[in-house]
Amino acid sequence: MTKEHSLDRISDILDRHTSGRYGLIPLLQKIQSELGYLPREAMSQVARRLNIYPGEVYSVATFYNQFRLTPPGRHQIKVCLGTACRIKGGKVILDSWERELGIDEGETSADREYSLDHVACVGCCAMAPVSVVDDRVEARVSPTRVKGVLLTFDMEKRKANDENRQE
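Residues numbered from 1 in each chain as written. Predicted model: local features only at pLDDT ≥ 70, side-chain atom pairs only at ≥ 80, totals over all residues. Heavy atoms only, no water.

**A few points about the side chain of Q32**
Within the secondary structure, Q32 is located in helix α2 (residues 24-35). On the basis of relative accessible area, Q32 is assigned to the buried category, the value being 15%. Residue contacts for Q32: discarding those within four places in its chain leaves Y37, L38, Q66, F67 and R68. (Helix = DSSP H or I, 4+ residues; strand = E, 2+ residues; numbered from the N terminus. Buried < 20%, exposed > 50% of the residue type's maximum accessible area, 1.4 Å probe, protein only. Contact = heavy atoms within 4.5 Å.)

What follows is the structure, given as structure tokens:
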């Protein structure tokens, strides 16, 4: 998506927004839903449109961990660190994802293939420790399972590349 296209989409969202500065959080949620994250340009446009300081928008966006300030990866990985998952090794699983992906929690890989975050609870405590990979719950995750998930993605990517070459 081009920068101009993103700016147009932000403008469209702002044009439909009617609740003033008190609707800042839902507005930011809508923008993130459309773009996958909150680009700096979006926050600046919001500030101008709502007639508030850009720092106010930024402080809200950074206070709530639901907001991303960097583009997400093609594959989004979320590690549950709720009580059950933490007790059953959730932190070890988060460390495994970080090691295998070569990124820290809250980051996106340089090739924008993967992003890694943690969540407070997935609600699948009986299956702890849990990771959510592209909206698919991975139960009873182990460091070996982390490698297996990434190997599956690698194999799918190779297959797609091979099919593209044959066309």
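**Focus on the nonpolar core**
Of all hydrophobic cores here, the largest spans 19 residues; its most connected members are L24, L27, L28, I31, L38, V46 and V57. Going through the elements one at a time, α1 (3-16), α2, α3 (40-50) and α4 (54-63) are the ones with two or more residues in this core. If we ignore the near neighbours within four places in the chain, the residues touching I31 are I10, I13, G36, Y37, L38, A42 and V46. By size, the runner-up hydrophobic cluster in this structure holds 16 residues, among which are I77, L94, L101 and L116. (Core = buried A, V, L, I, M, F, W, Y, C linked by side-chain atoms within 4.5 Å.)

**Some thoughts on the packing of helix α6 (residues 90-101) against helix α7 (residues 143-166)**
Running from N to C, α6 and α7 point in directions that differ by 40°, and their axes come no closer than 9 Å. When the axis of α6 is compared with that of α7, the two are oblique. The way α6 lies across α7 gives a crossing that is right-handed. For the pair α6 and α7, contact is made by V92, I93, S96, W97, E100 and L101 and by P143, V146, K147, V149 and L150, respectively. Partitioning the contact of α6 with α7 into residue classes produces eight nonpolar, one polar and two charged. (Axes fitted to C-alpha atoms, helices over the stretch in contact; angles between N-to-C directions. Parallel < 35°, antiparallel > 145°, perpendicular 65-115°, else oblique. Left-handed = near helix turned anticlockwise from the far one by under 90°. Nonpolar A, V, L, I, M, F, W, Y, C, P; charged D, E, K, R; others polar.)

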